[in-house]
Amino acid sequence: RDNLKETDVQLVSCRSGQGIGDLLQDARDAAARARGDVFVCGAANCGKSSFVNRAVGAYSGGQNYKGVKAWGVTASASPGTTLGVVKINLRDDGPDVYDTPGLLQPGALGTVLTEEE
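Residues numbered from 1 in each chain as written. Predicted model: local features only at pLDDT ≥ 70, side-chain atom pairs only at ≥ 80, totals over all residues. Heavy atoms only, no water.

(A) Region of the structure containing the overall build of the protein. A count of helical and extended segments in the protein gives two helices and three strands. Ordering the α and β elements of the protein from the N terminus gives α-β-α-β-β. Burial statistics for the protein: of 117 residues in total, 24% are counted as buried. The long-range fraction of contacts in the protein, counting pairs at least 24 apart against all pairs at least 6 apart in sequence, stands at 56%. For the protein, the exposed surface amounts to about 8,200 Å²; the carbon and sulfur share of it is 50%. (Helix = DSSP H or I, 4+ residues; strand = E, 2+ residues; numbered from the N terminus. Buried < 20%, exposed > 50% of the residue type's maximum accessible area, 1.4 Å probe, protein only. Contact = heavy atoms within 4.5 Å. Areas by Shrake-Rupley, 256 points an atom, 1.4 Å probe, with all protein chains shown as cover.)

The structure is reproduced here in structure tokens:
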């Protein structure tokens, strides 16, 4: 975007959880104003499912949530784990949140290496 402002950028950490809950709430607020939903999109294996796991933990009040399979979205070190769009049920009347498969970039190293490499 030509009009990107520094206030549009939020630094978060899926490892520590810092800023995750705030980012999810900001995204849901923006989606509600636009009468839409939140789709977590990005390159393959960039941490989208890890973000969703942490965000759901933060949103539901879990302070020590580590993004383990306790919630249900599978996160893996191998690309291609999320095979389709996954709707996240936050059990409220706000906008829905969706985890999406990674966007593959032609020629990217991750698309040509095997899991053993």
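(B) Structural detail: unusual backbone geometry. Even without being glycine, Arg35 reaches a positive phi, approximately 55 degrees. Its relative accessible area of 80% is what places Arg35 among the exposed residues. A positive phi angle is found at Asn45, which is not glycine, with a value near 60 degrees. Along the chain, Asn45 falls in the loop between strand S1 (38–40) and helix H2 (48–59).

(C) Representation of the side chain of Thr100 within the structure. Structurally, Thr100 can be placed in the segment after strand S3 (97–99). Overall, Thr100 belongs to the buried group, its relative accessible area being 9%. A distance of 2.5 Å separates a polar atom in the side chain of Thr100 from the backbone oxygen of Val40. Residue contacts for Thr100: discarding those within four places in its chain leaves Phe39, Val40, Cys41, Lys48, Thr82 and Val85. (Polar contact = N/O pair within 3.5 Å; in protein donor to acceptor, adjacent residues only side chain to side chain.)

(D) Representation of the packing of aromatic side chains in the model. Inspection of the entire model under this criterion finds one aromatic pair. When the ring of Phe39 is compared with that of Tyr98, the centres are 4.6 Å apart and the planes differ by 10 degrees; the resulting orientation is stacked. Linking Phe39 in strand S1 with Tyr98 in strand S3, this pair joins segments that are 59 residues apart in sequence. Looking at Phe39, the relative accessible area reads 46%, which means it is partly exposed. A relative accessible area of 16% places Tyr98 in the buried class. (Phe/Tyr/Trp six-rings, centres within 6.5 Å; stacked < 30°, edge-to-face > 60°.)

(E) The confidence of the model for the protein, seen in detail. On average, the protein scores 75 in pLDDT, and the residues at 70 or more come to 67%. Per-element confidence in the protein is highest for S1, whose mean pLDDT is 91, and lowest for H2, whose mean pLDDT is 79. The low-confidence segment residues 62–70, where pLDDT is below 50, has eight contacts with residues more than four positions distant or belonging to other chains. (pLDDT = per-residue confidence, 0-100.)

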